[in-house]
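Observations on the three-dimensional arrangement
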Amino acid sequence: MQPILEVKNLTVKFEEGSRKELTAVKDVSFCLYPNETLGIVGESGSGKSTVARAVTRLLQSSEGNIFLDGREITRLKGKALRDIYRKIQMVFQSPAASFDPRRTLGDGVGESMRNRGVERNTRKETVKKLMESCGLSEEFAGRYPHEVSGGQCQRAAIARALAAGPDILICDEATSALDVTVQAQVMELLEELKRRHRMSFLFISHDLALVQSFCDRVLVMKDGSVVEEGTPDQVIAHPKAAYTKELVEAVL
């Protein structure tokens, strides 16, 4: 089976003061296959989110190659990126911050359709269906981000991502800001989306229990590099790398 996403030797560096560079991600390689959920775990600062932002082209990589459906997207710019943004969507840790506070949730969910020129009435009906599929009644389309709870806002953010019809959904700590009960509800929604839409997921989290229950394979990152990978049973239940063992022992 050919991977839907292939990352080869990805390196991301940032400027840190004059003549000094910080390497946030170093020589990371992995594949994501159709209908697969790949988890990325590691402590804060390990490079998980930087990988996600490089894959979605929100950050420019310094070295390496990124392929989507066999097409290299590493250096694409301008209009060429539009198709990438349709195929790969991202759900962030702080959903309210990802919405324009001056516009309703319905406007945010329908934005990608508006950009594609979808007619207003069709867009309105599709937004309604998308929000309902994510557990939000029609009335939430008229509410603003500050008028809903964190869990409701995250559901709207997921609906917004689905509006683009993506092949890959990247969840970057998408449940970490939610309380335990709401987190469980959002995870149930993601499980349902996996079954219904058969999308591929890149699931970034520090919660090993969530990763173990939700993911097909796991990458463990430390200091910007991958130190271990395999199935959840191999990586979490029977870790080999010393760092992975430390992560597992820390939650026992």
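Structural data are supplied above this passage.
Here's a quick rundown of the structure.

Rules behind the numbers
Residues numbered from 1 in each chain as written. Predicted model: local features only at pLDDT ≥ 70, side-chain atom pairs only at ≥ 80, totals over all residues. Heavy atoms only, no water. Helix = DSSP H or I, 4+ residues; strand = E, 2+ residues; numbered from the N terminus. Rg over C-alpha atoms; globule rule 2.2 N^0.38 Å. Buried < 20%, exposed > 50% of the residue type's maximum accessible area, 1.4 Å probe, protein only. Areas by Shrake-Rupley, 256 points an atom, 1.4 Å probe, with all protein chains shown as cover. Lys, Arg positive; Asp, Glu negative; His and termini not counted. Charge placed at Lys NZ, Arg CZ, Asp CG, Glu CD. Contact = heavy atoms within 4.5 Å. Salt bridge = Lys/Arg side-chain N within 4 Å of Asp/Glu carboxyl O. Pairing = 2+ DSSP bridges. Axes fitted to C-alpha atoms, helices over the stretch in contact; angles between N-to-C directions. Polar contact = N/O pair within 3.5 Å; in protein donor to acceptor, adjacent residues only side chain to side chain.

**A word on the overall build of the protein chain**
- Assigned secondary structure in the protein chain consists of 11 helices and 10 strands.
- At 18 Å, the protein chain has a C-alpha radius of gyration in line with the 18 Å of a compact globule built from 252 residues.
- By its C-alpha atoms, the protein chain is 55 × 40 × 40 Å across when sized along the principal axes.
- When the 252 residues of the protein chain are sorted by exposure, 48% land in the buried category.
- Summing over all exposed atoms, the protein chain offers an accessible surface of approximately 12,500 Å²; the carbon and sulfur share of this is 47%.
- In the protein chain, 35 side chains carry a positive charge and 35 a negative one; their mean positions are 7 Å apart.

**Describing the side chain of Thr 175**
- Within the fold, Thr 175 resides in the loop between β7 (168-172) and α8 (180-197).
- Residues contacting Thr 175, with those up to four places away along its chain left out, are Gln 183, Val 186, Met 187 and Leu 210.

**Things to note about the pattern of salt bridges**
- Per the stated rule, a full pass over the model turns up 13 salt bridges.
- Between Lys 13 and Glu 63 there is a salt bridge whose closest N-O contact spans 3.8 Å. Placement of Lys 13 in strand β1 (residues 5-15) and of Glu 63 in strand β4 (residues 63-68) is noted, with a sequence separation of 50 residues between them.
- Look at Glu 63 and you get partly exposed, because its relative accessible area is 41%.
- In this structure, the salt-bridge partner of Arg 195 is Glu 192, at a minimum N-O distance of 2.8 Å. Placement of the pair is Arg 195 and Glu 192 together in helix α8, with a separation of three residues, close to one helical turn.

**A word on the sheet that holds β7**
- Read from one edge of the open sheet, six strands run β6-β7-β8-β3-β9-β10, paired in mixed fashion. If you trace the sheet from one side to the other, it starts and ends with β6 (88-91) and β10 (225-230), each paired once. Looking at each pair of strands side by side, their axes are set apart by 20 degrees on average, direction ignored.
- Relative to strand β9 (residues 217-222), strand β3 (residues 37-41) is paired through four bridges, and the arrangement is parallel. Its bridge partner lying in β9, Leu 38 is registered against Arg 217.
- Contacting β3, β6, β7, β8 (200-204) and β9, helix α1 (residues 48-55) runs over the sheet at an angle of about 150 degrees to β7.
- The sheet strands contacting helix α11 (residues 242-251) are β9 and β10, and the helix crosses β9 at an angle near 100 degrees.

**Some remarks on the environment of Gln 183**
- Looking at where Gln 183 falls in the secondary structure, it is placed in helix α8.
- C-alpha of Gln 183 to C-alpha of Gly 151: the two residues are 32 residues apart in sequence and 7.6 Å apart in space.
- When residues no more than four places from it in sequence are discounted, the contact partners of Gln 183 are Thr 175, Leu 178, Asp 207 and Leu 210.
- Polar contacts involving the side chain of Gln 183 include one to the main-chain carbonyl oxygen of Thr 175, which spans 3.4 Å.

By themselves, these figures tell us nothing about what the structure is for.
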